[in-house]
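If you want the building blocks of each chain, they are given just below.
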Amino acid sequence: MTGPVDMSRKKEAKKTPAMKPAMKVEGPPSAGVFQPRPLDPTNFRKMYDRGDFPMQMDYNSRGHQIFWKVEFEKLDYNYYLPLFFDGLTEPDHPYKFLACQGVHELLDNGGPKILPVIPQLIIPIRKALNTKNRQVMCVMLKVLKHLVVSGDNVGEALVPYFSQILPIFRLFKEKNNIGDDEYGEGGENIGQLIGETLELFERHGGRDAFLKIKYMVPTYQSCMTK
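A few points on the structure.

This part is about the overall build of the protein chain. Across its full length, the protein chain carries 11 helices and 2 strands. From first element to last, N terminus to C terminus, the protein chain shows the α and β order α-α-β-β-α-α-α-α-α-α-α-α-α. Relative to its full complement of 226 residues, the protein chain shows a buried share of 41%. Taking the contacts inside the protein chain whose residues are at least 6 apart along the sequence as the reference set, 72% of them involve residues at least 24 apart.

Right under this line is the structure:
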């Protein structure tokens, strides 16, 4: 026979252990997703310093201009256009002026020579946008607006690369939409430039452009129904 059960011990065994005070859980540290990244020296700067470009700075009464030593028709766009795009992250004079002005003049005069170079432009485009430097981003956005209308089928050629270049659009477009305006050099609104660039991408990107843009930038609304 078993002996009598000690009820006091049984009650003690059923007691729930005292709860410890809840620890305060700190949120994750700020990732700094909007923090500008350092701007590294570019190949454009190195080549200009060595005198490897067929152009030079021209100073005259109208201000700074580029003097081209070779006609645009004879320039190797496959070689020079990506280098000028690379130079768009330069913060210092004269490199910044030469790269920006040079890109626009190359796009103005490239015609059918631009389309085959599009795949080589994606890396410098991403590099400039991912610096998250407001001035650099504004420069690149204006160049993209020019690029998409610079030649036949250029807009459609950019569509396959939206997944690589539009994530930063989404990040800054949504930040701007919640009232936290971002400005670049000269008071340019990054959110507005992003919207204008996306509209040009849609208008010139063919029938699949809107769906591709909408997938990457969900807040984008089609400009074709306005």
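Bringing the pattern of salt bridges into the picture now. Tallied over the full model, the rule gives 5 salt bridges. By sharing partners, the salt bridges in this structure join R45, E90 and D92 into a single network.

The subject of this paragraph is the packing of helix α10 (residues 190–204) against helix α11 (residues 209–216). Direction vectors running N to C along α10 and α11 enclose 145°, while the axes themselves pass 8 Å from each other. Counting all contacts with α10, which are made through L198, F201 and E202, the residues of α11 involved are A209, F210 and I213. Here the contact of α10 with α11 is built from residues that sort into 5 nonpolar, no polar and 1 charged.

That bond from H93 to P94 is cis: its omega, 5°, falls within 30 degrees of zero. Looking at where P94 falls in the secondary structure, it is placed in the loop between α3 (77–86) and α4 (95–110). Unlike most non-glycine residues, K132 shows phi in positive territory, near 60°. Tracing the backbone shows K132 in the loop between α5 (118–130) and α6 (134–147). Although it is not a glycine, N153 adopts a positive phi angle of roughly 70°. Relative to the assigned elements, N153 resides in the loop between α6 and α7 (154–158).

Aromatic rings in a pair are described by how distant their centres are and how their planes are angled relative to each other. Applying the stated criterion across every chain yields a total of 11 aromatic pairs. With a centroid separation of 6.1 Å and 50° between ring planes, the pair formed by F53 and Y80 is classed as tilted. One end of the pair, F53, is in the loop between α2 (43–50) and β1 (55–60); the other, Y80, is in helix α3, with 27 residues separating them in the sequence. The burial state of F53 is the same as that of Y80; both residues are buried. Taking 5.1 Å as the distance between ring centres and 55° as the angle between the ring planes, the aromatic pair formed by F53 and F84 counts as tilted. Taken together, the residues span a long stretch of sequence, with F53 in the loop between α2 and β1 and F84 in helix α3 at a distance of 31 residues. For the pair F53 and F84, a shared accessibility class is recorded, and that class is buried. Among the aromatic side chains, those forming a connected cluster through ring pairs are F44, F53, W68, F72, Y79, Y80 and F84.

When a protein is soluble and globular, its nonpolar side chains tend to lie buried together. Within the largest apolar cluster, 60 residues are counted, with the highest numbers of intra-cluster contacts made by F85, L147, L166, F169 and F201. Broken down by element, the residue count for this core peaks at 9 residues, all from α6. Residue contacts for F201: discarding those within four places in its chain leaves L144, V148, L158, F162, I165, L166, F169, A209 and I213.

Attention shifts here to α4. Taking 1.5 Å per residue as the helical rise, α4 with its 16 residues ought to reach 22 Å, and the 21 Å between its terminal C-alpha atoms agrees with that figure. For α4, every residue scored as buried is listed here: Y95, L98, A99, G102, V103, E105, L106, L107 and G110. Positive backbone phi, approximately 55°, marks G111, located one or two places after α4.

Rules and cut-offs
Residues numbered from 1 in each chain as written. Predicted model: local features only at pLDDT ≥ 70, side-chain atom pairs only at ≥ 80, totals over all residues. Heavy atoms only, no water. Helix = DSSP H or I, 4+ residues; strand = E, 2+ residues; numbered from the N terminus. Buried < 20%, exposed > 50% of the residue type's maximum accessible area, 1.4 Å probe, protein only. Contact = heavy atoms within 4.5 Å. Salt bridge = Lys/Arg side-chain N within 4 Å of Asp/Glu carboxyl O. Axes fitted to C-alpha atoms, helices over the stretch in contact; angles between N-to-C directions. Nonpolar A, V, L, I, M, F, W, Y, C, P; charged D, E, K, R; others polar. Phe/Tyr/Trp six-rings, centres within 6.5 Å; stacked < 30°, edge-to-face > 60°. Core = buried A, V, L, I, M, F, W, Y, C linked by side-chain atoms within 4.5 Å. Expected span 1.5 Å × (residues − 1).

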